[in-house]
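The primary structure of each chain is shown beneath.
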There are 2 protein chains.
Amino acid sequence: MKQLTMEETAQWLMQCEDAYILIHQSPDGDCVGAGYALAEMLCQMGKRASVHCNDPIPNRYQFMLPEQQTQTEFAPQCIITVDVADPKLLGKLEGTLGKAVDLCIDHHNSNVEYAANCYLDGGASATCEILYALAKLLPVTITRHIAECLYTGIATDTGCFQYDNVSALTHHTAAALMECYPEGRYCWINRKMFAVKSFGRLKLEQLLIDHLESYLDGKCILICITQAFLQQFEVDEAELEGIAGFPLQVEGVEIGITMKEKEPGKFLISMRSADQVDVSAICRTLGGGGHLKASGCFLTGTADKVRKMLLDAAAKGLEAYR
Amino acid sequence: MKQLTMEETAQWLMQCEDAYILIHQSPDGDCVGAGYALAEMLCQMGKRASVHCNDPIPNRYQFMLPEQQTQTEFAPQCIITVDVADPKLLGKLEGTLGKAVDLCIDHHNSNVEYAANCYLDGGASATCEILYALAKLLPVTITRHIAECLYTGIATDTGCFQYDNVSALTHHTAAALMECYPEGRYCWINRKMFAVKSFGRLKLEQLLIDHLESYLDGKCILICITQAFLQQFEVDEAELEGIAGFPLQVEGVEIGITMKEKEPGKFLISMRSADQVDVSAICRTLGGGGHLKASGCFLTGTADKVRKMLLDAAAKGLEAYR
C-alpha cells in the first residue's frame, strides 16, 4: 500500500478513468456525502463515476443523490473507496469490487491499509472534510450539490460540530462551503439530521428512558434492545438509527453501551465515550474497534452473558482512568 | 441614540473608565459569555469592570465566572449592556442602572435603541460573535477564559451551529477561537450545553411526549405547562430551561409553542419556527416579539383562553405562508 499526499491524491484523481466509488454498509451521512460529492467531482472532470453500497441509501440521506440519474451503466477502470476503514465494511461487495481497491480516502485511524493507494488523515473530522481540501486542488466547481453533500458529512460525523473531532479546520471548512454556496440548505440539513424526530422515534425514546440500565456507580449506562423488546413494544427497526448516543445524555455517564440483537443471540454493540475513556481500546478487547469515543463490536450469546462481558470490559476500561 | 461602527465601539471601549456590564434577566449562554468576556477585556485594559444581572447565574453557566473574584466594589463611571434588546429585560435593574446606559452591544434586530451609544449587528449569530470581532481591534489577549466565554455564547445562541443565524463568519469565529486556544474545553462545553440531561429532565421529556398537543394539521405543536402540571408531576422548574425547542422536534411541525404558567393565570409564551414562518410577527400581534424563528410574549387568562388566542394567531401566521 502506498500512502499518498494530498497533492498526489489530487493528481491521481485527475488522471484516473471511469470509477466505481464504494461506501461502507449501513451508510451514514459522511460516506454518502463523500461518495456522491466525489462522483460529481469526477464527472465534472469528464469521467464516469457511480456510487455503490451494500445497503440502500436511507431516506434521510436521499437528498444527497444527484437530481439527474441518467447515467448509463459502465465498466469501471478503477475502484475508489471513501470512508471505508476495512473491506469487511463493504458487505457483499467485499469479495468482488472490494478485492482490488485502487484508492482509499479515509479518516479512520483504524484503517487496515487494504488499498493500493491511500490518503488517510485521522485528524480530519470526516472524510468530507478531506474531500473539500481535495476539491480545492482539482479543476472542479463547488456546486450546491457538492456543498450540501460535504456539509452533511461533516455535520453528521461531528454531531453538528459538537464532538472533539472538530478542529479549527473543520469550522473553516464549513465556513468555506457556506461562502461557496450561501444559499445551500445548511439549516434545513441540520434540522433534518439533528432536530426532527418521527413520532415513532419519540415514543421509542420515551420507552428507552425506562430501560436505561445504570452500572459502575452510574459511569456506565447500558441499553439492551433485544428482538423480544422490538416485538413487545412494536418498534420499527428504522427508528433505532443513531440510538447509540442515547445513553450518553445521562448526567455523570462515562461509557454508553447499546446492545442491539440483530439475530437471535447475535448482538451488535455500540460503545460511546463521554469524555476521557478510550472505548476503542475496550472494544478491541472484545474483537471490535473504531474511534476513541465511538466504537463497536459483535458479540454472541444470551443478553445476560453479553451484558456481563461488556460490563467486565467496561469496568477494566474505567480502571485505566482512575 | 448614536449608532457606532465597530471601530468606534472599540475606541469607546478603550477610552471608557470603570464599567458596570448589565446582562438580561433569565440569563443565557450568550449574555453570560459576552458579559464576562467583556469584563475581562476591560480589566486587561486596566479598568475595573463587573457583571450585573437581575437573576443569579444558573449553575450550568457558572464555569464562565472568573476564577478569582477578588475585585472590590467600585462606583461605575459608565454602564454597558450586552445582549439586551430592551431595558425591560434588565428586571429590577431597569429603573436604576438601566436608566443611563452609555453603550449597548447587541445582535437583536428588535433592539429598542435605549442606549446613548449602540453597536447593533442583527446579522451576528450572537453578541459573543460581535465581541470576538471587537477583541481583535482592542489591545487584549484572547485568554482561555475569554475563548471559552465567547465560544459558549456562539454555541448556545446557534444550537451548536444548527440554526440559520449561523453564517460563514460564525464558523470562522469558532475556528479563530480554537486557533487562539486549542486547549479550550470546547467539546466539554458542548456536552454540558447540549448533550447532558439530568434524570429529572429526562423524566420531564418522557412526560411531555404524552402532552404534545397537535393543531392545524400537525403544523402547530403546543405544550401547556401549568402550575397544576408542575405540582402533579413534581417537576423542578429548573428542569424547564430551554424546553421551548421541544415541540419543534416533531416531524412536520412549523410552529412550536410552549405555554409556561409563571403565576396563576399568567403565561410566559415561547414560540419557535421550524423553517419558514416568522414567529416574531405572530408574537407582535400578541404584544411580544423577538427573532424571526424564536420569539415570545406574555398572556393572561385561563389556559384554555390563552391557548385559543395562541392558536388563532398561529393560524393567521401560517396563512401568510400558504
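Residues numbered from 1 in each chain as written. Chains lettered and ligands numbered in written order. Predicted model: local features only at pLDDT ≥ 70, side-chain atom pairs only at ≥ 80, totals over all residues. Heavy atoms only, no water.

**Things to note about the overall build of chain A**
Assigned secondary structure in chain A consists of ten helices and twelve strands. Over its C-alpha atoms chain A spans a radius of gyration of 20 Å, differing by no more than 12% from the 20 Å that the globule rule assigns to 322 residues. Its C-alpha atoms give chain A principal-axis dimensions of about 55 × 40 × 35 Å. Taking all 322 residues of chain A together, 58% fall into the buried category. Carbon and sulfur atoms make up 50% of the accessible area of chain A, which totals about 13,800 Å². Computed over 27 positive and 41 negative side-chain charges, the separation of the two mean positions in chain A equals 3 Å. (Helix = DSSP H or I, 4+ residues; strand = E, 2+ residues; numbered from the N terminus. Rg over C-alpha atoms; globule rule 2.2 N^0.38 Å. Buried < 20%, exposed > 50% of the residue type's maximum accessible area, 1.4 Å probe, protein only. Areas by Shrake-Rupley, 256 points an atom, 1.4 Å probe, with all protein chains shown as cover. Lys, Arg positive; Asp, Glu negative; His and termini not counted. Charge placed at Lys NZ, Arg CZ, Asp CG, Glu CD.)

**Focus: the interface of chain A and chain B**
Contacts between chain A and chain B engage 37 residues on the former and 37 residues on the latter. Here chain A meets chain B over a buried area of about 3,400 Å², counting both sides, of which 58% is carbon and sulfur. Summed over the shared surface of chain A and chain B, the number is two salt bridges. Here Asp 210 of chain A and Lys 203 of chain B are joined by a salt bridge, their closest N and O atoms 3.1 Å apart. At the boundary of chain A and chain B, one finds 19 residue pairs in polar contact (both at pLDDT 80 or more). (Contact = heavy atoms within 4.5 Å. Buried area = accessible area lost by both parts, 1.4 Å probe. Salt bridge = Lys/Arg side-chain N within 4 Å of Asp/Glu carboxyl O. Polar contact = N/O pair within 3.5 Å; in protein donor to acceptor, adjacent residues only side chain to side chain.)

**Focus on helix H10 (residues 303-319) of chain A**
Because each turn of an α-helix spans 3.6 residues, side chains separated by three or four positions in sequence point in the same direction. In this model, H10 of chain A (17 residues) spans 24 Å end to end at C-alpha, consistent with the 24 Å of a helix rising 1.5 Å per residue. Buried residues in H10 of chain A make contact with strand S7 (213-215), strand S8 (220-225), strand S9 (255-263), strand S10 (266-273), helix H9 (279-284) and strand S12 (294-300) of chain A. (Expected span 1.5 Å × (residues − 1).)

**Focus on the sheet that holds strand S9 (residues 255-263) of chain B**
All names here are of chain B. The strand order across the open sheet formed by six strands is S7-S8-S9-S10-S12-S11, and the pairing between neighbours is mixed. In the strand order of this sheet, the two ends are held by strand S7 (213-215) and strand S11 (289-290), each with one partner. Direction of pairing for strand S10 (residues 266-273) relative to strand S12 (residues 294-300): antiparallel, over a ladder of seven bridges. Paired with Arg 272 across the strands is Ala 294, a residue of S12. (Pairing = 2+ DSSP bridges.)

**As for the packing of helix H1 (residues 6-15) of chain A against helix H3 (residues 127-137) of chain A**
All names here are of chain A. Contact geometry for H1 and H3: axes closest at 9 Å, N-to-C directions at 70°. With respect to their mutual orientation, H1 and H3 come out roughly perpendicular. Crossing geometry of H1 relative to H3 is assigned as right-handed. Packed against H1, whose contacting residues are Met 6, Glu 7, Thr 9, Ala 10, Leu 13 and Met 14, the element H3 presents Ile 130, Ala 133, Leu 134 and Leu 137 at the interface. In terms of residue class, the contact of H1 with H3 is built from eight nonpolar, one polar and one charged. (Axes fitted to C-alpha atoms, helices over the stretch in contact; angles between N-to-C directions. Parallel < 35°, antiparallel > 145°, perpendicular 65-115°, else oblique. Left-handed = near helix turned anticlockwise from the far one by under 90°. Nonpolar A, V, L, I, M, F, W, Y, C, P; charged D, E, K, R; others polar.)

**Digging into the relation of the copies chain A and chain B**
Mapping chain A onto chain B is achieved by rotating through 180° and translating by 0.0 Å along the same axis, at an RMSD of 0.0 Å. Accordingly, the operation relating the two chain copies is best matched by a two-fold axis. Looking at chain A, 100% of its interface residues are interface residues in chain B too, so the copies touch through the same face. (Least-squares fit on C-alpha atoms with pLDDT ≥ 70 in both.)

**Here we look at the pairing of strand S5 (residues 103-106) of chain B**
All names here are of chain B. Of the two faces of S5, both are covered, the one formed by Leu 103 and Ile 105 as well as the one formed by Cys 104 and Asp 106. Strand direction decides the pairing type here: strand S4 (residues 78-82) and S5, joined by three bridges, are parallel. Residue pairing across strands places Ile 80 opposite Leu 103, the latter belonging to S5. In this structure, S5 lies alongside strand S6 (residues 117-120), joined through four bridges in parallel fashion. Within S6, the position partnered with Leu 103 by the bridge is Asn 117.

**Considering the pattern of salt bridges**
Opposite charge on two side chains permits pairing when their charged atoms draw close. As enumerated under the stated definition, the model contains 22 salt bridges over all chains in all. For Asp 164 of chain B, the salt bridge is made with Lys 293 of chain B, and the minimal N-O distance between the two is 3.2 Å. Residue Asp 164 of chain B is found in the loop between helix H4 (144-157) and helix H5 (168-180), and its partner Lys 293 of chain B is found in the loop between S11 and S12; the two are separated by 129 residues along the sequence. Since its relative accessible area comes to 46%, Asp 164 of chain B is described here as partly exposed. Given the relative accessible area of 18%, Lys 293 of chain B is considered buried. When salt bridges that share partners are traced, they join Arg 144, Glu 148 and Arg 185 of chain A into one network.

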